[in-house]
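Reading the structure
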Amino acid sequence: MRFIEAHLPGVTVVDTDAPPRVWAEAVRTAAAYTATTTPQTAAARFAGSVFAIDAALAAHLAIYRPRDHPTAQRSRQPVGSERGPR
């Protein structure tokens, strides 16, 4: 949740043990932010964020398939396909 809070405006992390007034303020703030943000602005912000599919793909490839890895430029074969004919 803290990751989302750090990347999306209007998101507030509230402790589960926080009093109702703290929860209510977080909801009020989120609702006010949503009400004043146009769909076009929200879409543009999302498209340029770490949550967009292209950004997420790049992040995952950087984690799981480093650029200097021998398979970085080719796709993996389906599981079991490297066994050859039976």
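Positions within a chain are numbered from 1, following the residues in the order the chain's sequence is written. In keeping with the predicted nature of the model, local features appear solely for residues at pLDDT of at least 70, side-chain atom pairs appear and are counted solely at 80 or more, and the whole-chain, interface and lining totals rest on all residues. Think of the side-chain values as coming from all heavy atoms in the structure, minus any hydrogens and water.

1. Thoughts on the overall build of the protein
So the rule is basically this: Numbering of helices and strands runs from the N terminus, with a helix taken as a DSSP run of H or I at least four residues long and a strand as a DSSP run of E at least two residues long. Only protein chains enter the accessibility calculation, which uses a 1.4 Å probe; a residue whose area is less than 20% of its type maximum is buried, one above 50% is exposed, and one in between is partly exposed. To measure how exposed things are, a 1.4 Å probe is used in the Shrake-Rupley method; for residues, cover is taken only from the protein chains shown.
Within the protein, the secondary structure is distributed over four helices and zero strands. Tracing the protein from N to C terminus, the helices and strands come up as α-α-α-α. Counting every position in the protein, which comprises 86 residues, the buried fraction comes to 9%. Taken as a whole, the protein presents about 7,400 Å² of accessible surface, with 61% of it coming from carbon and sulfur.

2. What to know about the pattern of salt bridges
When the charged atoms of two side chains with opposite charge come close together, those side chains can pair. Condition: For this document, the term salt bridge refers to a Lys or Arg side-chain nitrogen within 4 Å of an Asp or Glu carboxyl oxygen.
For the structure on display, the rule yields two salt bridges. In this structure, the salt-bridge partner of R2 is E5, at a minimum N-O distance of 3.6 Å. Residue R2 and its partner E5 are both found in helix α1 (residues 2–7); the two are separated by three residues, about one turn of the helix. According to the relative accessible area criterion, R2 is exposed, its value standing at 58%. Note that R28 is salt-bridged to E25, the shortest N-O span being 2.6 Å. You can see R28 and its partner E25 sitting in helix α2 (residues 20–35), three residues apart, about one turn around the helix.

3. Examining the side chain of T37
For clarity, the threshold we go by: Any N or O atom pair separated by 3.5 Å or less is treated as a polar contact, with the protein-specific requirement of one donor-capable and one acceptor-capable atom, and with residues adjacent in sequence counted only for side-chain atom pairs. Every residue pair with non-hydrogen atoms within 4.5 Å of one another is taken to be in contact.
Here T37 lies in the loop between α2 and α3 (39–47). At 2.7 Å, the side chain of T37 forms a polar contact with the backbone oxygen of Y33. Each residue touching T37, except ones within four places of it in the same chain, is listed here: A42 and R45.

4. Focus on the packing of aromatic side chains
Which entries qualify depends on this criterion: We call Phe, Tyr and Trp rings a pair once their centres come within 6.5 Å, taking the six-membered ring for Trp, and we label the pair stacked below 30 degrees between planes, edge-to-face above 60, and tilted otherwise.
All told, the structure shown has one aromatic pair when counted by the stated rule. Here the aromatic rings of F3 and F51 are separated by 5.8 Å at their centres, their planes lie at 75°, and the arrangement is edge-to-face. Of this pair, F3 sits in helix α1 while F51 sits in the loop between α3 and α4 (53–64), placing them 48 residues apart in sequence. Classification of F51 by relative accessible area gives partly exposed; the value is 25%.

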